[in-house]
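A structural walkthrough
Listed below are the residues making up each chain.
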Amino acid sequence: MKLQVTGTISELLTGINHLSEELNFTIGSDGYPISVVKRPGSIEVKNANGQGEICFEKKIHFYRALGLWLQNFEKSKEFHIVEHPQFETSGVMIDASRNAVLTTDGIQMLLRKMAVMGLNLAMLYTEDTFEVPEYPYFGYMRGRYSEKEIKICDDYAEELGIEMIPCIQTLAHLKEALKWNYSNEFRDTESILLAGEPKTYEFLRTIIKSATKPYRSNRIHIGMDEAHELGLGKYMELNGYRNRFEIMNQHLKQVIHITEDLNLKPMIWSDMYFRLASKDGNYYDKDAAIPEEIIKLIPNVQMVYWDYYHTEESHYEKMLTMHKLLVDEPIFAGGLWTWNGIAPNYGKAFRTTEAALKANKKFGIKEVFATMWGDNGAETPIQTVLPGMQLYAEYTYHQEVGPEHLAERFEFCTGYHLEDFLLLNHFDETPGVMKDNLYESNPSKFLLWQDILIGLYDKNIEGFPIAQHYEKLIQPLHESKEKNQDMNLLFHFYEELARVLSVKAELGINLKNAYDQADKNAVHACSEKLSSLRKDVEKLRLAHKKLWFSTNKPFGWEVLDIRYGGLLTRIHSAEERVQEWLDDPTVRIEELEAERLFYNGIYTFGEEGTLGRNLYHRIVTNSVFSD
């Protein structure tokens, strides 16, 4: 469609050009007329008597409004729509620290989707993945961003009305940065800086200057979350045990002094203050009471309340009440559950988001954003965040959001079908898992990586038709690949994953049963499946690789290559061991003779409705993996 856009448009033209291909329109003097008016208040889009109109306040509102106009013009030639923004700022945090570092093209792809949706905040979470010339080992071989790369993305974001903010760490979560010898003098534990040490603040001043240099915004997120061992390592050797509230406040004060010198406005994650006040270190302890004298000493900093776990509005209301005792205007961070394993957990993401954002509206919270972490190797592709981003966007402009509205907006803003993306939820919401997977099971991950001969999770899935469940996903995913051409890499990857899991999920159980019964025919049948499985895993690896390289830098992929390589080698070893037994039944396969126990370790809740969840190194072996 060709449009003739007139009015208050000088600051919008570059962004319009960025979105013209995305939204399938061109600009020309002979196009359909739309007048644009910038004024305070709500978003308003109209069309009547052959004339369109868009009224907006912020630049981001215009791009959302342009999308709304185009979407409704397709359906009806006359319309009048008004939307009232519910938050001043709403957006996402992009994790670039868990191996997957998006290319500039990958970030720009997300920024375009955000603009059409109406999201105006993009935080880039970089623990050590940004360039600091004074510390050449900082982010070495981790795909770190150059100053130029971040500047390119920041310029692009500004043209679309989106504020980009650096998000770094200035206390904990620095394991990768502190593993090098340059940090010996200012390292407390392997992941925490040595509070009170002058060299610590020299280091922090340097990285803060580098982190903020490419950005227009003077805001910065300085982290400080989950410092569980604060003051308990080298610090305690030098100073003895000291009140950890005091250590936290004194360190924060020193860092705030640096940000004030650099004319920056900092924010931190709030959890450490609540954890230190809780008897069991629980962030969400509603009985935790931070001492008044500690509150008075907290420097002037914004607090970010992060919570990805709860489905009751009342929980968020209580936590927001507690936060308002610390700061007048807390910021809220929810989660899109891209870190559960190899597939997104949309059920939990949607339930927690809806409860959280409704509570935030009641409390008049002005700023919210959604995190998209990539824990344990960033196995879940970044493209899977789009449904959660759309949900955030619609709750940013509507009091309530129904499923039909969400699906319709998603299809327009992204060009894809929501029901196809929601198929991905079934990789972890399998038989044996409760609706919406609130206990965070990740069977697609542990069934992919677990060893066939050892089968640490075999007992957990015993009796459930898991293989059949995955087999039923193959065809719908194939159809989704055909329907969503621009996302064919994503759906092809998940189609191949479903194919592998339809064979591998119960193969270890079947092999052990056949071996226990000395059933040569059944063991032989399992052996043949092992051979074909190896070929299917290689197809999966190649599909995953192609998808990864479509948006990410190559650094970090080596970790997944190693995981796939280990899986392929162990399948081959299983083939060899089984063949030895088939050739000579007196040969023992001791792993198959061992009793299978329910996996009752970390991330096991002991509740109905979950099959378990774990990290890679605890899935593949019960032996010491690396330490």
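Below is a summary of the structure that appears in this document. All values reported here derive from a predicted model rather than from experimental measurement.

Cut-off values and rules
- Residues numbered from 1 in each chain as written.
- Predicted model: local features only at pLDDT ≥ 70, side-chain atom pairs only at ≥ 80, totals over all residues.
- Heavy atoms only, no water.
- Helix = DSSP H or I, 4+ residues; strand = E, 2+ residues; numbered from the N terminus.
- Rg over C-alpha atoms; globule rule 2.2 N^0.38 Å.
- Buried < 20%, exposed > 50% of the residue type's maximum accessible area, 1.4 Å probe, protein only.
- Axes fitted to C-alpha atoms, helices over the stretch in contact; angles between N-to-C directions.
- Parallel < 35°, antiparallel > 145°, perpendicular 65-115°, else oblique.
- Contact = heavy atoms within 4.5 Å.
- Nonpolar A, V, L, I, M, F, W, Y, C, P; charged D, E, K, R; others polar.
- Phe/Tyr/Trp six-rings, centres within 6.5 Å; stacked < 30°, edge-to-face > 60°.
- Pairing = 2+ DSSP bridges.
- Salt bridge = Lys/Arg side-chain N within 4 Å of Asp/Glu carboxyl O.
- Core = buried A, V, L, I, M, F, W, Y, C linked by side-chain atoms within 4.5 Å.
- Patch = residues over 30% accessible without salt bridge, like charges linked within 9 Å, V, L, I, M, F, W, Y side chains within 5 Å.
- Areas by Shrake-Rupley, 256 points an atom, 1.4 Å probe, with all protein chains shown as cover.
- Lys, Arg positive; Asp, Glu negative; His and termini not counted.
- Charge placed at Lys NZ, Arg CZ, Asp CG, Glu CD.

**Overview of the overall build of the protein**
Within the protein one finds 23 helices and 16 strands. On C-alpha atoms alone, the protein measures out to a radius of gyration of 26 Å, which is about the 25 Å that the 2.2 N^0.38 rule sets for 627 residues. For the protein, the spread of C-alpha atoms along the three principal axes comes to 85 × 70 × 45 Å. Residue burial in the protein is summarised as follows: out of 627 residues, 59% are buried.

**Description of the packing of helix 1 (residues 13-23) against helix 3 (residues 104-117)**
Two numbers describe how helix 1 lies on helix 3: the axes approach to 10 Å, and their chain directions differ by 90°. One way to sum up the angle between helix 1 and helix 3 is to call them roughly perpendicular. Contacts from H18, L19, E22 and L23 of helix 1 reach helix 3 at R112, K113, A115 and V116. Of the residues contributing to the contact of helix 1 with helix 3, the split by class is 4 nonpolar, 1 polar and 3 charged.

**Focus: the environment of G374**
Its location among the elements puts G374 in the loop between strand 16 (367-372) and helix 12 (386-397). Judged by its relative accessible area of 10%, G374 is buried. Placed 280 residues apart in sequence, G374 and I94 show a C-alpha to C-alpha distance of 9.1 Å. The contact partners of G374, leaving out residues within four places of it in the chain, are D95, R98 and W339.

**Details of the side chain of R244**
One can find R244 in helix 7 (residues 244-261). Apart from residues no more than four positions distant in its own chain, R244 is found in contact with A227, H228, E229, L230, L232 and L276.

**Looking at the packing of aromatic side chains**
All told, the structure shown has 48 aromatic pairs when counted by the stated rule. Ring geometry for Y284 versus Y309: centroids 6.1 Å apart, planes at 65°, classification edge-to-face. Taken as a pair, Y284 in the loop between helix 8 (271-277) and helix 9 (292-297) and Y309 in the loop between strand 14 (302-306) and helix 10 (313-323) lie far apart in primary sequence, 25 residues in all. Using a relative accessible area of 12% as the deciding quantity, one classes Y284 as buried. Aromatic pair Y457 and Y599: ring centres 4.5 Å apart, planes at 5°, arrangement stacked. With Y457 in the loop between helix 15 (443-449) and helix 16 (458-461) and Y599 in the loop between helix 22 (590-593) and helix 23 (616-620), the pair connects residues that are 142 residues apart, well separated along the chain.

**Let's talk about the environment of V401**
Among the structural elements, V401 can be located in the loop between helix 12 and helix 13 (403-414). Taking C-alpha positions, V401 is 18 Å from V385, a pair spaced 16 residues apart along the chain. For V401, the contacting residues outside a window of four places in its chain are E394, Y395 and L406.

**Notes on the sheet that holds strand 1 (residues 2-7)**
The 6 strands are arranged 2-1-3-5-4-6 in an open sheet whose pairing can be described as mixed. Looking at which strands have only one partner, the edges of the open sheet turn out to be strand 2 (26-27) and strand 6 (79-83). Summarising the sheet, strand 1 and strand 2 pair through 2 bridges and their orientation is parallel. What sits directly across from L3, in strand 2, is I27.

**What about the pattern of salt bridges?**
Applying the stated criterion across every chain, the model contains 50 salt bridges. R275 is the partner of D271 in a salt bridge, and the nearest nitrogen-oxygen pair spans 2.8 Å. Of this pair, D271 and R275 both sit in helix 8, 4 residues apart, roughly one helical turn. Residue D271 is classed as buried on the basis of its relative accessible area of 0%. Assessed through its relative accessible area of 14%, R275 is described here as buried. Residue D451 is joined to R570 by a salt bridge in which the shortest nitrogen-to-oxygen separation is 2.5 Å.

**A few points about the nonpolar core**
By size, the foremost hydrophobic cluster in this structure holds 215 residues, and its most contacted members are W69, Y273, M389 and F427. Contact partners of F427, with chain neighbours within four places excluded, come to A343, P443, S444, Y470, L473, L477, Y494, L497, A498 and L501.

**Notes on a negative patch on the surface**
On the surface, E576, E580, D583 and D584 cluster together into a negatively charged patch. The residue E576 is located in helix 21 (residues 557-583) in this model. Residue class for E576 comes out partly exposed when judged on its relative accessible area of 41%.

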